[in-house]
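Here is how the chains run, residue by residue.
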Amino acid sequence: MPPSPDDVKRFLLASEKPKVRLAISMLYATGMRLDELCHLRCADIIHSSMKIYIRHSKNHSDRYVPLTESIWQMILDYWYTFPAPERPREWLFTQQTRLDHPMDKQWIQREVLLLRRSLGMDSRISAHYATRCYENGMDLLTLKAYLGHSSINSTCIYVRLAASYKEGFVNPFDQLEGGM
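Residues numbered from 1 in each chain as written. Predicted model: local features only at pLDDT ≥ 70, side-chain atom pairs only at ≥ 80, totals over all residues. Heavy atoms only, no water.

### Some thoughts on the packing of helix H2 (residues 18–30) against helix H5 (residues 105–119)
We apply this condition: Whenever a helix is involved, its axis is fitted only over the stretch in contact; in every case the axis is a line through C-alpha atoms, and angles between N-to-C directions fall within 0 to 180 degrees. What counts as a helix is a DSSP run of H or I of at least four residues, what counts as a strand is a run of E of at least two, and both are numbered from the N terminus. What sets the label is the angle itself: under 35 degrees gives roughly parallel, over 145 gives roughly antiparallel, 65 to 115 gives roughly perpendicular, and the rest give oblique. By the convention used here, residues are in contact when the closest approach between their heavy atoms is within 4.5 Å. By the convention adopted, Pro, Cys, Tyr, Trp, Phe, Met, Ile, Leu, Val and Ala count as nonpolar, Lys, Arg, Asp and Glu as charged, and the other residues, Gly among them, as polar.
Closest axis-to-axis distance for the H2/H5 pair is 11 Å, and the angle between their directions is 95°. With respect to H5, the axis of H2 lies roughly perpendicular. Side by side, H2 and H5 meet where Lys-19, Val-20, Ala-23 and Ile-24 of the first sit next to Trp-107, Ile-108, Glu-111, Val-112 and Leu-115 of the second. Partitioning the contact of H2 with H5 into residue classes produces 7 nonpolar, no polar and 2 charged.

Below, the structure is given as structure tokens:
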């Protein structure tokens with residue numbers, strides 16, 4: 001069972017570390033893979049078109065994911081937490097000690113684990129980006145493009161229909177004027 005929206009919100013707001021809060025928020029808001037997030041370059045965040053350019057994603061193809069205004073504001077807030085000479089220039093998320101290297105996946109995974117434990121959350125909590133987008137009305141072809149899948153079958157694996165979504169479905173037959 002995916003986490004409730006309240007659980008997701010509680011998790012996203014729980015970290016007091018700006019880097020962790022932005023990283024997990026971006027994962028949830030964009031559907032980016034962790035490796036893609038770690039290797040995100042500042043130049044690939046395109047505010048003018050509200051997109052994030054993902055280089056060499058899964059299947060070695062490039063793609064764009066949407067950039068929301070709230071994520072853009074979080075990026076700016078994060079960027080300004082650094083003294084001017086230490087602000088990210090190449091990588092949005094750098095290693096803790098080496099500002100010229102991208103963030104380690106293991107570091108953010110460890111931070112997420114510690115955060116989950118501090119909140120007493122199930123270890124299986126995940127973003128469920130594809131599920132939430134689909135439940136909110138995104139069509140499968142758009143979702144496929146955002147996730148960078150080469151096959152719609154791959155996208156369908158990640159789409160889970162929540163009970164509330166199933167209950168809201170109306171069979172086209174039942175919509176016929178006057179029924180049969």
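### Thoughts on the nonpolar core
Soluble globular proteins: nonpolar side chains tend toward being buried together. Formally: Side-chain atoms within 4.5 Å are what join buried Ala, Val, Leu, Ile, Met, Phe, Trp, Tyr and Cys residues into a set we call a nonpolar core. Buried residues are those whose accessible area, probed at 1.4 Å on protein chains only, stays under 20% of the maximum for their type, while exposed residues exceed 50% and partly exposed ones sit between those limits.
If you look at the biggest cluster of nonpolar residues, it comprises 31 residues, and the most contacted ones within it are Met-26, Leu-37, Ile-52, Ile-75, Leu-92, Phe-93 and Ile-108. The set of elements that each furnish at least two residues to this core consists of helix H1 (5–14), H2, helix H3 (34–38), strand S2 (51–54), helix H4 (69–79) and H5. By residue number, the principal contributor to this core is H2, which donates 6 residues. Among all residues touching Met-26, those that are not within four sequence positions of it are Gly-31, Leu-37, Leu-40, Ile-52, Ile-71, Ile-75, Leu-92 and Phe-93. Counting residues in hydrophobic clusters, the runner-up holds 7 residues, among them Tyr-129, Tyr-134, Met-138 and Leu-147.

### Comments concerning the confidence of the model for the chain
Let me state the cut-off plainly: A residue's pLDDT is simply how confident the predictor is in it, with values from 0 to 100.
For the chain, per-residue confidence averages 81 on the pLDDT scale, and residues scoring 70 or more make up 83% of the total. Ranking the helices and strands of the chain by mean pLDDT puts strand S1 (residues 45–46) first, with 97, and helix H9 (residues 163–168) last, with 44. Here residues 161–167 scores under 50 on pLDDT; set against residues more than four positions off or in separate chains, the count is 5 contacts. Per-residue pLDDT stays below 50 along residues 169–173; that stretch engages in 2 contacts with residues further than four places along the chain or on separate chains.

### Digging into the pairing of strand S3 (residues 63–66)
Remember that side chains alternate between the two faces of the sheet whenever the strand is regular. We count it as follows: Whether two strands pair depends on DSSP finding at least two bridges between them.
Residue alternation in S3 divides its side chains into a buried set, Arg-63 and Val-65, and an unburied set, Tyr-64 and Pro-66. By the bridge criterion, 4 bridges tie S2 to S3 in an arrangement that is antiparallel. Pairing of Lys-51 across the sheet is with Pro-66, part of S3.

### Topic: the packing of aromatic side chains
Quick reminder of the rule: Only centres within 6.5 Å qualify two rings of Phe, Tyr or Trp (six-membered ring in Trp) as a pair; their planes then separate them into stacked at under 30 degrees, edge-to-face at over 60, and tilted for everything else. Whether a charge sits over a ring depends on NZ of Lys or CZ of Arg being within 6 Å of the ring centre and within 35 degrees of the ring normal.
What the rule picks out here adds up to 4 aromatic pairs. For the ring pair Tyr-78 and Phe-82, a centre distance of 5.1 Å and an interplane angle of 90° mean the geometry is edge-to-face. Taking the relative accessible area as the measure of exposure, Tyr-78 reaches 3% and is therefore buried. Each member of the aromatic cluster is reached from another via a ring pair, and the members are Tyr-78, Phe-82 and Phe-93. Directly above the ring of Tyr-64 sits Lys-51, whose terminal nitrogen or CZ lies 5.2 Å from the centroid. The cationic tip of Arg-87 hangs over the ring face of Trp-79; the distance from NZ or CZ to the ring centre is 4.9 Å.

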